[in-house]
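Breakdown of the fold
Given next are the chains, with one letter for each unit.
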Amino acid sequence: MKSRRNFVKTALAMTATAGVGTFSTLRNALAASTTDSRIDILLDEPRGTISPDIYGHFTEHLGGVMYDGIWVGLKSKVPNIDGLRRDVVEHMRKIKAPVVRYPGGCFADSYDWRDGVGPADKRPRRTNFWNGAENDKSPANHKFESNEFGTNEFVHFCKLIGAEPYLAANVRSLPATEFQHWVEYCNSPAGSTTLADLRAAAGYAEPFNVRYWGVGNESWGCGGNFTPQEYAVEFRRYTAWLPQYVKPLSLIASGPNTDEWFWTREFLQEIARKGPGQLREIYGMALHHYAWNLSRGKTNDWEKAKGDAIQFEPVDWYELLREGQRMEGLIEGHWQVMGEFDREHRIKLIVDEWGPWYRPGSEATPGDILEQTPTLRDAVFSALTLDIFNRHCGKVAMANCAQLINCLNSLYLAHEDRFVVTTVGRAFELYAGHQGGQSLRAEFSAPQVRYDRDGQAATFWGLNGSASVQGKNMLLTVVNPHVSEPREAEIVVRGGAISSGSASTLTHSDIHASNTFAHRDAVMPSHNPLKLGGQFVYTFPPASVSALSLQLR
Ligand code: AHR
């Protein structure tokens with residue numbers, strides 16, 4: 001039985017497989033609809049501010065993410081800004097990307113940050129952590145790390161897009177002094193230390209002021225195979241003294257995988273054993289949840305249970321959404337456990353890896369490991385996940401979609417001079433307006449989706465979403481998960497009235513549709529003004545993500 005914990009060890013055995021079946025469905029876009037649903041937005045029941053960081057990203061030295069995806073190099077013919085792919089920079093500005101996590105992932109616990117600073121032509125070449133998972137088609141610079149891209153380039157990238165950097169420190173294979181020195185390199189004032197001088201020599205005299213620091217990654221697995229108690233001891237040791245120039249540093253502990261409640265409980269228990277004050281060192285606890293098991297309960301084998309990214313049946317569509325919907329219970333469950341030790345809930349959840357994970361076979365660029373082509377299903381998945389974060393904005397302080405480009409749930413795919421915004425990227429565009437808004441309670445009432453799950457009747461919610469308000473501007477985002485039925489809903493705003501509005505909807509007549517290098521605009525949002533007056537009714541098309549921008553009187 002293969003598990004994700006052992007994924008890296010077994011990665012070599014992974015082979016690209018062709019998709020299952022060739023199901024293709026053309027939904028009846030003209031299916032009859034009736035107003036059988038209702039959405040109540042309660043203006044007078046704010047749930048708290050939606051941290052912009054919930055709309056964060058994740059980049060790793062893995063496959064085509066950094067090299068080819070983000071970094072094309074200073075001498076590249078690909079349009080770039082200081083070696084960074086121009087298209088990525090421009091699109092990330094557009095979605096107001098708030099934070100980017102780097103350099104991993106598993107890579108982080110193998111990385112010596114010193115390798116990636118100093119003159120680029122003097123930087124050492126190393127074997128990349130993911131080398132064992134690469135294949136014959138993978139280019140050499142994915143297997144062997146040139147360190148052309150390092151801390152300076154990453155922070156410069158963040159500055160260009162207007163995002164905060166979030167660095168993950170190496171706990172498995174570097175001593176605690178190296179964590180301290182990385183903080184010192186990034187944050188010590190100009191001229192104050194030898195490392196500040198090294199930074200200045202690269203053209204960065206002013207400190208980077210990096211606030212977010214991850215203390216290892218997946219410390220239960222590739223980050224050291226620790227028990228929660230062992231990791232807690234390491235966490236205390238690594239964070240007992242860190243140079244503080246930016247106050248406070250926001251330290252993020254490596255947290256649980258999906259529903260491993262024991263990790264959350266035993267880690268916090270061990271931290272608090274030294275005294276409850278120790279809990280104050282922790283800004284957030286990471287939670288990772290990938291939707292990978294599409295076997296409908298038949299197996300937990302990491303390879304056998306995965307589904308195909310682009311060839312799937314409606315039952316697989318719903319199965320993926322069910323796996324995504326688990327996020328809500330995971331947030332609530334871990335939050336409850338955290339409250340056993342941290343009664344005031346100072347520690348927040350940082351969902352710094354999330355997204356679907358399919359078996360290999362849908363790579364836009366052969367040889368790019370872990371790359372998959374997102375379809376409409378992944379846009380719907382991403383939208384429902386972002387809605388969950390919005391609804392739980394008091395608990396979730398940051399989330400990072402895995403991963404930004406040329407990887408799992410990517411917003412962008414790129415190779416050489418080709419670039420495309422995926423369906424996931426389009427969903428992020430529709431949701432960007434929630435950042436910093438007041439999350440509002442919104443009640444959704446709609447008939448459930450009913451479908452056959454291996455001979456058993458199964459259901460999924462019929463309509464769901466989230467609402468937020470900033471001044472007079474309200475944003476309502478809604479997912480209709482039904483593969484073939486539209487849902488007509490009456491929308492009621494309690495405690496306010498709408499004067500005007502517009503709707504953007506992302507959908508397609510084929511649930512398998514995706515944006516590719518050949519068909520870059522296959523799945524694009526449509527934008528329409530709303531007709532208001534009297535009862536406000538909106539029809540959510542089948543398999544759709546909608547964003548309704550509403551102006552309040
Ligand atoms: O995102 C790919 C990998 O998934 C990350 O490196 C690791 O943290 C997780 O297991």
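Keep in mind it's a predicted model, so treat the numbers as computed, not measured. (Residues numbered from 1 in each chain as written. Predicted model: local features only at pLDDT ≥ 70, side-chain atom pairs only at ≥ 80, totals over all residues. Heavy atoms only, no water.)

1. Thoughts on the packing of aromatic side chains
- Summed over the entire model, instances satisfying the criterion amount to 30 aromatic pairs.
- Arranged with centres 5.1 Å apart and planes meeting at 35 degrees, the rings of Phe-107 and Tyr-111 form a pair that is tilted. Neither Phe-107 nor Tyr-111 differs from the other in exposure class; each is buried.
- Relative to Phe-540, the ring of Tyr-538 lies with its centre 4.9 Å away and its plane at 65 degrees, an arrangement referred to as edge-to-face.
- Overall, the relative accessible area of 13% leaves Tyr-538 in the buried class.
- For Phe-540, a relative accessible area of 0% translates into the label buried.
- Every member of this aromatic cluster is reached through a ring pair, and the members are Phe-107, Tyr-111, Trp-113, Phe-179, Trp-182, Tyr-185, Tyr-204, Phe-208 and Trp-213.
- If you follow Arg-377 out to its NZ or CZ, it ends over the ring of Phe-312, 3.8 Å from the centre. (Phe/Tyr/Trp six-rings, centres within 6.5 Å; stacked < 30°, edge-to-face > 60°. Buried < 20%, exposed > 50% of the residue type's maximum accessible area, 1.4 Å probe, protein only. Lys NZ or Arg CZ within 6 Å of the ring centre and 35° of its normal.)

2. Some details on the state of the cysteines
- This model, assessed by the stated rule, comprises one disulfide.
- Paired by a disulfide, Cys-106 and Cys-222 hold their sulfur atoms 2.2 Å apart. On the sign convention where negative means left-handed, the S-S torsion of about -85 degrees between Cys-106 and Cys-222 marks this disulfide as left-handed. Of this pair, Cys-106 sits in the loop between strand 5 (99–102) and strand 6 (126–127) while Cys-222 sits in the loop between strand 9 (212–215) and helix 7 (228–239); the two residues are 116 residues apart in sequence, bridging distant segments of the chain.
- Of the residues examined, Cys-106 reaches a relative accessible area of 8% and is grouped as buried.
- With relative accessibility at 14%, the residue Cys-222 sits in the buried group. (Disulfide = S-S within 2.5 Å. Helix = DSSP H or I, 4+ residues; strand = E, 2+ residues; numbered from the N terminus.)

3. Description of the environment of Gly-63
- Along the chain, Gly-63 turns up in the loop between strand 2 (56–58) and strand 3 (80–81).
- Measuring from C-alpha to C-alpha, the distance between Gly-63 and Lys-143 comes to 7.9 Å, with 80 residues separating the pair along the chain.
- When sequence neighbours within four positions are dropped, the list of residues in contact with Gly-63 reads Glu-134, His-142 and Ile-369. (Contact = heavy atoms within 4.5 Å.)

4. Re the packing of helix 2 (residues 86–94) against helix 4 (residues 151–161)
- As a packed pair, helix 2 and helix 4 sit with axes 8 Å apart at the nearest point and diverge in direction by 50 degrees. Taken together, the axis directions place helix 2 and helix 4 in an arrangement best described as oblique. Across the interface between the two elements, Val-88, Val-89, Met-92 and Arg-93 from helix 2 touch Phe-157, Leu-160 and Ile-161 from helix 4.
- Residue classes in the contact of helix 2 with helix 4 are distributed as six nonpolar, no polar and one charged. (Axes fitted to C-alpha atoms, helices over the stretch in contact; angles between N-to-C directions. Parallel < 35°, antiparallel > 145°, perpendicular 65-115°, else oblique. Nonpolar A, V, L, I, M, F, W, Y, C, P; charged D, E, K, R; others polar.)

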